[in-house]
Amino acid sequence: MPTRMSAPSPEPAAAPASEGWSLHVVRGPGRGTRIALVLAETLLGRLASNGVVLDDPSVSRVHARLRLVDGVPEFEDLQSSSGTRVNGVPLRGTVRLHDGDEIVLGRVALVLAGPG
């Protein structure tokens, strides 16, 4: 079932420290929400069929793809209209992500948290 980011929840669920990679919404709809990355590939965007639904008009319908390759996250912009930035740098192609990286899709900002 997709994770939908349409409005801030009053209190995000706490995650066990032993879980793997996750995204934390730090700006935009769903601010304060934690999204566990449990699939090898996750699409992000406005469409309800995406693994992570970001309900913001600045985000494309299918904006980006996040893949776990040998346990390491890689991020790719899928020719979105507003683009993607990783740590303030416009994304070109695919980039390998690290714990603490900030990903901005339109006006929505996410921070990657590593396992543990």
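Just so it is clear, the structure is predicted and the values come from calculations on it, not from any experiment. (Residues numbered from 1 in each chain as written. Predicted model: local features only at pLDDT ≥ 70, side-chain atom pairs only at ≥ 80, totals over all residues. Heavy atoms only, no water.)

### Comments concerning the side chain of aspartate 77
Here is the rule we go by: Where helices and strands are cited, they refer to DSSP runs of H or I of at least four residues and of E of at least two residues respectively, numbered from the N terminus. Only protein chains enter the accessibility calculation, which uses a 1.4 Å probe; a residue is then buried when its area is under 20% of its type maximum, exposed when over 50%, and partly exposed in between. Note on charges: Lys and Arg go in the positive column, Asp and Glu in the negative column, and His and the chain ends are not counted at all. For salt bridges, the criterion is a side-chain nitrogen of Lys or Arg within 4 Å of an Asp or Glu carboxyl oxygen. Distance and chemistry together define a polar contact, namely a pair of N or O atoms within 3.5 Å, with one atom able to donate a hydrogen and the other to accept it when in protein, and with adjacent residues in sequence counting only for side-chain atoms on both sides. We call two residues in contact whenever any of their non-hydrogen atoms come within 4.5 Å of each other.
Within the secondary structure, aspartate 77 is located in strand β7 (residues 72–77). Buried charge aspartate 77 goes without a salt bridge, the closest partner of opposite sign being arginine 92 at 7.5 Å. Within polar-contact distance, the side chain of aspartate 77 engages the backbone nitrogen of glutamine 79 at 3.0 Å. There is a polar contact of 2.7 Å between the side chain of aspartate 77 and the side chain of serine 80. Those residues in contact with aspartate 77, other than ones at most four positions away along the chain, are His63, Ala64, Gly83, Thr84, Leu91 and Gly93.

### So, the side chain of threonine 33
Here threonine 33 lies in the loop between β2 (22–27) and β3 (34–36). There is a polar contact of 2.6 Å between the side chain of threonine 33 and the backbone oxygen of glycine 30.

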